[in-house]
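# Examination of the molecular architecture
The primary structure of each chain is shown beneath.
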Amino acid sequence: MPKMNVEKKEKKAEKRKKLKQRVAQKGELESDTEPKKTKQNLQVTKEEEELTTEERRKLERKLKKERKKKEKQLMREAGISTKKVEPKKQSGSELALAYLTSWSENPEEWKFQKTRQTWLLLHMYDKEKVPGKYFTILLDYLQGLQGGARDITVQKAEAFMKEFDGSDAEDPNLLEKCERIRQVLQLLS
């Protein structure tokens, strides 16, 4: 009995190999005439009938995988990129500035976001991260600032002013930063 099972398995394995070879040849012989194709299709279908549905499905998956591998290889040889391009994610500054713009232009649709507010409060004195046109909107936004965020913002602004008043630097970036700090202090005090 065990010998017969082994023999059956060997026969099935041989059939799978033959089927695989014929399917591979089918892909290579597509340029041949129609009668040859139909004859080959008849042979493949006879052997496919002898395979179980599970075996046929596995074989089809393997062939599909091999086909995709060959296509990728051909694309690489042709110099065509096969990598998928993922859309670029917005940076924190872009998201925060969009949040601020949304607050000013669409107050009905605007929704409070703590992380965006925190980013704006941390970077509001840097003119490269928060350009002038956004800073004016930010000043309007700061008028509605409440609670601990307002207190901390005032404390930080006062600390920055003390730090910059002690130094007599005439760096244009530093002067711009001092001017922004003064505006925030005037607004929130």
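Residues numbered from 1 in each chain as written. Predicted model: local features only at pLDDT ≥ 70, side-chain atom pairs only at ≥ 80, totals over all residues. Heavy atoms only, no water.

Right, let's talk about the packing of aromatic side chains for a bit. Going through the model one piece at a time under the given rule, you end up with five aromatic pairs. Look at Tyr-99 and Tyr-141: their rings are 6.0 Å apart centre to centre, the planes differ by 75°, and that puts the pair in the edge-to-face class. Highlighted residues: Tyr-99 in helix H4 (residues 92–105) and Tyr-141 in helix H6 (residues 132–143), separated in sequence by 42 residues. The residues Tyr-99 and Tyr-141 share a single accessibility class, namely buried. With centroids separated by 6.4 Å and ring planes inclined at 75°, the aromatic side chains of Trp-110 and Tyr-141 adopt a geometry described as edge-to-face. (Phe/Tyr/Trp six-rings, centres within 6.5 Å; stacked < 30°, edge-to-face > 60°. Helix = DSSP H or I, 4+ residues; strand = E, 2+ residues; numbered from the N terminus. Buried < 20%, exposed > 50% of the residue type's maximum accessible area, 1.4 Å probe, protein only.)

Across its 26 residues, helix H3 (residues 53–78) extends 37 Å between first and last C-alpha, which sits within 8% of the 38 Å expected from 1.5 Å per residue. Just downstream of H3 lies Gly-79, where phi reads positive at about 90°. (Expected span 1.5 Å × (residues − 1).)

This part is about the pattern of salt bridges. The final tally for this structure, using the stated rule, is two salt bridges. With a closest N to O distance of 3.6 Å, Glu-176 and Arg-180 form a salt bridge. Here Arg-180 and Glu-176 lie together in helix H8 (residues 172–188), a separation of four residues that amounts to about one turn. The exposure class assigned to Arg-180 is buried, which follows from its relative accessible area of 3%. (Salt bridge = Lys/Arg side-chain N within 4 Å of Asp/Glu carboxyl O.)

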